[in-house]
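Coordinate inspection notes
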Amino acid sequence: MVINMTDCGRALSNFVFNLKFSDLDEKTIENTRIYIADYMAASHAGYKVNAAFNKSMLEIVDAMDGGDEASVLLNSKKMSVENAAFMNAVYAHGADMDDGNRKARGHVAASVMSAVFAVAETMDVSWEDVFVAINAGYDIYNRTAAAVQPDLVHRGFHSTGTAGAIACGGAVAKLMGLSEDKIYSAMGISAIQASGLIIIAESGQACKPLNPANAAKTGIISAKLAAKGVTGPVNFLESKKGWFHAMADNIDEAAIWDGLGKEFTINESYLKPYPSCRHTHCGIEAVMKLRAKLAAEGRSLDEIDKINVNIYNDAIQIAGIIEIPANPDDAKFSIHYSLAVALQKGNYTLKDLEEPVSDMSRRLVEKIHLIPDSSMEDTKAGIRGSAVEIILADGSSCKETVLLPKGDAANPFSWEDMLLKAEACLEDIEAAGSASAMVEKIRGLNLMEAYSYLA
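Residues numbered from 1 in each chain as written. Predicted model: local features only at pLDDT ≥ 70, side-chain atom pairs only at ≥ 80, totals over all residues. Heavy atoms only, no water.

1. Let's talk about the sheet that holds strand S3 (residues 304-311)
In a beta sheet, neighbouring strands pair by backbone hydrogen bonds and run either parallel or antiparallel. The strand order across the open sheet formed by 4 strands is S4-S3-S7-S8, and the pairing between neighbours is mixed. A strand with exactly one partner marks an edge of an open sheet, and here the two such strands are strand S4 (368-372) and strand S8 (397-402). Direction aside, neighbouring strands of the sheet carry axes that sit 15 degrees apart on average. Bridge count between S3 and S4: 5 bridges; the pairing is parallel. (Pairing = 2+ DSSP bridges. Helix = DSSP H or I, 4+ residues; strand = E, 2+ residues; numbered from the N terminus. Axes fitted to C-alpha atoms, helices over the stretch in contact; angles between N-to-C directions.)

2. Some details on the confidence of the model for the protein
Looking at the protein, the pLDDT average stands at 94 and 98% of residues meet or exceed 70. Counted against residues more than four places away or in other chains, residues 1-5, with its pLDDT under 50, gives 10 contacts. (pLDDT = per-residue confidence, 0-100. Contact = heavy atoms within 4.5 Å.)

3. Things to note about the packing of helix H8 (residues 159-175) against helix H10 (residues 210-227)
Pairs of packed helices are described in terms of their axes, by the angle between the two and the distance that separates them. Across the interface, H8 lies against H10 with an axial gap of 7 Å and an inter-helix angle of 35 degrees. In this structure, H8 crosses over H10, and the sense of that crossing is right-handed. For the pair formed by H8 and H10, the contact residues are Thr 160, Gly 161, Gly 164, Ala 165, Cys 168, Gly 169, Val 172 and Ala 173 on the first element and Asn 211, Pro 212, Ala 215, Ala 216, Thr 218, Gly 219, Ile 220 and Ala 223 on the second. Taken together, the residues of the contact of H8 with H10 break down into 9 nonpolar, 7 polar and no charged. (Left-handed = near helix turned anticlockwise from the far one by under 90°. Nonpolar A, V, L, I, M, F, W, Y, C, P; charged D, E, K, R; others polar.)

4. Digging into the packing of aromatic side chains
Two measures describe an aromatic ring pair: the distance that separates the ring centres and the angle between the ring planes. The final tally for this structure, using the stated rule, is 10 aromatic pairs. Relative to Trp 127, the ring of Phe 117 lies with its centre 6.2 Å away and its plane at 70 degrees, an arrangement referred to as edge-to-face. One end of the pair, Phe 117, is in helix H5 (residues 109-120); the other, Trp 127, is in helix H6 (residues 127-147), with 10 residues separating them in the sequence. The class of Phe 117 is buried, set by a relative accessible area of 4%. Between Trp 243 and Phe 244, the aromatic rings sit 6.1 Å apart at their centres with planes inclined by 55 degrees, giving tilted as the arrangement. Each member of the pair, Trp 243 together with Phe 244, is buried. Site record: aromatic cluster; members linked through ring pairs are Tyr 39, Phe 117, Trp 127, Phe 131 and Tyr 451. Here the guanidinium or amino end of Arg 10 rests over the ring plane of Tyr 184, the centre of that ring lying 3.9 Å away. (Phe/Tyr/Trp six-rings, centres within 6.5 Å; stacked < 30°, edge-to-face > 60°. Buried < 20%, exposed > 50% of the residue type's maximum accessible area, 1.4 Å probe, protein only. Lys NZ or Arg CZ within 6 Å of the ring centre and 35° of its normal.)

5. Focus on empty space enclosed by the protein
In total, this model carries 1 cavity of 30 Å³ or more according to the counting rule given. Looking at the largest cavity, its volume works out to about 280 Å³. Surrounding the largest cavity, 24 residues form its lining, Tyr 270, Cys 277, Arg 278, His 279 and Arg 384 being those nearest its centre. (1 Å grid on protein atoms, 1.4 Å probe; cavity = no way out; pocket = protein on both sides within 12 Å on 5 of 7 lines; lining within 4 Å. Points joined across faces, edges and corners; volume = space filled by probe spheres on them.)

6. Things to note about the side chain of Thr 265
As for its placement among the helices and strands, Thr 265 is situated in the loop between helix H12 (254-257) and helix H13 (281-296). Exposure remark for Thr 265: the relative accessible area of 5% places this residue in the buried category. Setting aside residues up to four positions removed in sequence, Thr 265 forms contacts with Asn 101, Tyr 138, Asp 139, Asn 142 and Arg 143.

7. Some points on the layout of surface pockets
Here the largest pocket is characterised by a volume of approximately 550 Å³. Surrounding the largest pocket, 26 residues form its lining, Thr 349, Leu 350, Lys 421, Ala 424 and Cys 425 being those nearest its centre. For the lining of the largest pocket, the elements supplying multiple residues, two or more each, are helix H2 (26-49), helix H17 (350-354) and helix H19 (415-426). Per-element accounting of the lining of the largest pocket gives the leading share, 5 residues, to H19. Looking at the lining of the largest pocket residue by residue, the classes come out as 15 nonpolar, 2 polar and 9 charged. Its volume calculated, the second largest pocket comes out at about 460 Å³.

8. A closer look at H2
Between its first and last C-alpha, H2 extends 34 Å over 24 residues, near the 34 Å set by a 1.5 Å rise per residue. The element H2 is extensively covered by neighbouring structure, given that 19 of its 24 residues are classed as buried. Two to three positions downstream of the cap, the backbone nitrogen of Lys 27 sits 3.1 Å from a side-chain oxygen, assigning the N-cap of H2 to Asp 25. (Expected span 1.5 Å × (residues − 1). Polar contact = N/O pair within 3.5 Å; in protein donor to acceptor, adjacent residues only side chain to side chain.)

9. Let's talk about the pairing of strand S2 (residues 75-79)
Inspection of the sheet shows strand S1 (residues 70-72) paired to S2 by 3 bridges, in the antiparallel sense. Pairing of Ser 71 across the sheet is with Lys 78, part of S2. Connecting S1 to the antiparallel partner S2 that follows it, the hairpin turn spans 2 residues, and Leu 74 within it adopts a positive phi of roughly 55 degrees.

10. Side note on the environment of Ser 358
Tracing the chain through its elements places Ser 358 in the loop between H17 and helix H18 (359-367). As a C-alpha pair, Ser 358 and Trp 127 span 231 residues in sequence and 47 Å in three-dimensional space. Among the polar contacts made by the side chain of Ser 358, one reaches the side chain of Gln 344 at a distance of 3.2 Å.

11. Quick notes on the nonpolar core
In terms of nonpolar packing, the biggest core is built from 164 residues, with Met 87, Trp 127, Val 130 and Trp 243 touching the most fellow members. When residues of this core are assigned to their parent elements, the largest contribution, 13 residues, is made by H6. Leave out the neighbours within four places in its chain, and Trp 127 touches Ile 36, Phe 117, Leu 445, Asn 446, Leu 447, Glu 449, Ala 450, Tyr 451, Ser 452 and Leu 454. (Core = buried A, V, L, I, M, F, W, Y, C linked by side-chain atoms within 4.5 Å.)

12. Quick look at the environment of Gly 161
Position of Gly 161 among the secondary structure elements: in helix H8. Take Gly 161: its relative accessible area is 2%, and that puts it in the buried class. For the pair formed by Gly 161 and Ser 126, sequence separation is 35 residues and the distance between their alpha carbons is 28 Å. When near neighbours in sequence (up to four residues on either side) are disregarded, Gly 161 contacts Ser 195, Asn 211 and Ala 215.

13. Examining the pattern of salt bridges
The tally for this structure, following the rule as stated, stands at 26 salt bridges. Arg 299 is paired through a salt bridge with Asp 394; the nearest N and O atoms lie 2.7 Å apart. Of the two residues, Arg 299 sits in the loop between H13 and S3 while Asp 394 sits in the loop between strand S7 (386-392) and S8, which places them 95 residues apart along the sequence. Residue classification places Arg 299 among the partly exposed residues on the basis of a relative accessible area of 23%. (Salt bridge = Lys/Arg side-chain N within 4 Å of Asp/Glu carboxyl O.)

14. Points about unusual backbone geometry
Note the cis peptide between Gln 149 and Pro 150, where omega equals 5 degrees. Along the chain, the position of Pro 150 falls in the loop between H6 and helix H7 (151-154). We note that Asn 235 has phi near 55 degrees; this positive angle belongs to a residue other than glycine. Position of Asn 235 among the secondary structure elements: in the loop between H10 and helix H11 (243-247). Of note, the phi angle at Asp 428 is positive, near 70 degrees, even though the residue is not glycine. By secondary structure assignment, the location of Asp 428 is in the loop between H19 and helix H20 (435-443). Judged by relative accessible area, which is 68%, Asp 428 ranks as exposed.

Below, the structure is given as structure tokens:
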């Protein structure tokens, strides 16, 4: 097939159609395993942290569902494929502990894995087929979103929902074994429905999981339409009325083409050790190091006069607005609060989202000053960091800079790290089972065996 070098949508559909399990190298296969484990852990965290929203959403979905096709996490009742994927995506993104990608500036697994797993449950496919579909979805998502950043987020869109829809359409179409033209149509039909605003980082954060949930459901419906012969729009990305131009003024087509089919973007994505927006993570790690320094010198937190945080502007716009959280939703999007708690306790955990704001945290928040610093961000080099300086009352100071937080591709999770995260995420959920059993089951998957739901 001859591909027009400006037809990015056709390049992606061609890549997806031709992708085989044998194309996935050992690193990609191992990372897919650990990212599945992370998806399951994050889903359990979202199940308990975002409980009120989950309950309301499940009641609404259950009332309009008559299916018995696919499993919903921590729920004995099955639903239609579309609604099961929708609810599992709601859980997966509910605690903001799911994976993401720096270049794409959003979260992949919540939508892509929810859609792929739900559809796979209704088909005679192997785990190898599922791994191929997942990686197809990751590359569609990460490449299309990266091509329109940072304009997309500056325009107010959330790539988790907008690029997520296209990724789910392509991933599900691949799993269904559709032709190259039908994969292209599935992505195009998804693109015209793509939605999701990033305003939910400022308020209404409990509703944030609607973005990946809608993406998962949209992708499944779009792939089913394509399978029935419905043709999607041509040039759905590049047309002047297409997805690229709706999302951005400046489009980096190289993000689509560079390494396509050779370098799998799941390997450049990240996992999250802390239950908060990724923009907070470098700062959290920096203050944890500073806390250890102060303790080693016998200094107390009461001696702190000022905390200067040099950080890139996008982080301030997304997670630097809320200083004192009014609820757990706010706490997930507050640089001030997450750093104050990490400085006070030496960590930032799911339980910290639920606890009332302490007097010490309030005092520390008042001393935190966010300073826009463009040197803290270099997307091409993979840098989105923070430099934190603590100035004490006697005029002395100490400083730590973290450019790559834990979970980044250059500072990756081990299986031991994943087990610790899973234990925290599954804690206090009666129906969850053993975290170690879940992690070991995923780590030991026989990929040639038929797909089976993990819960």
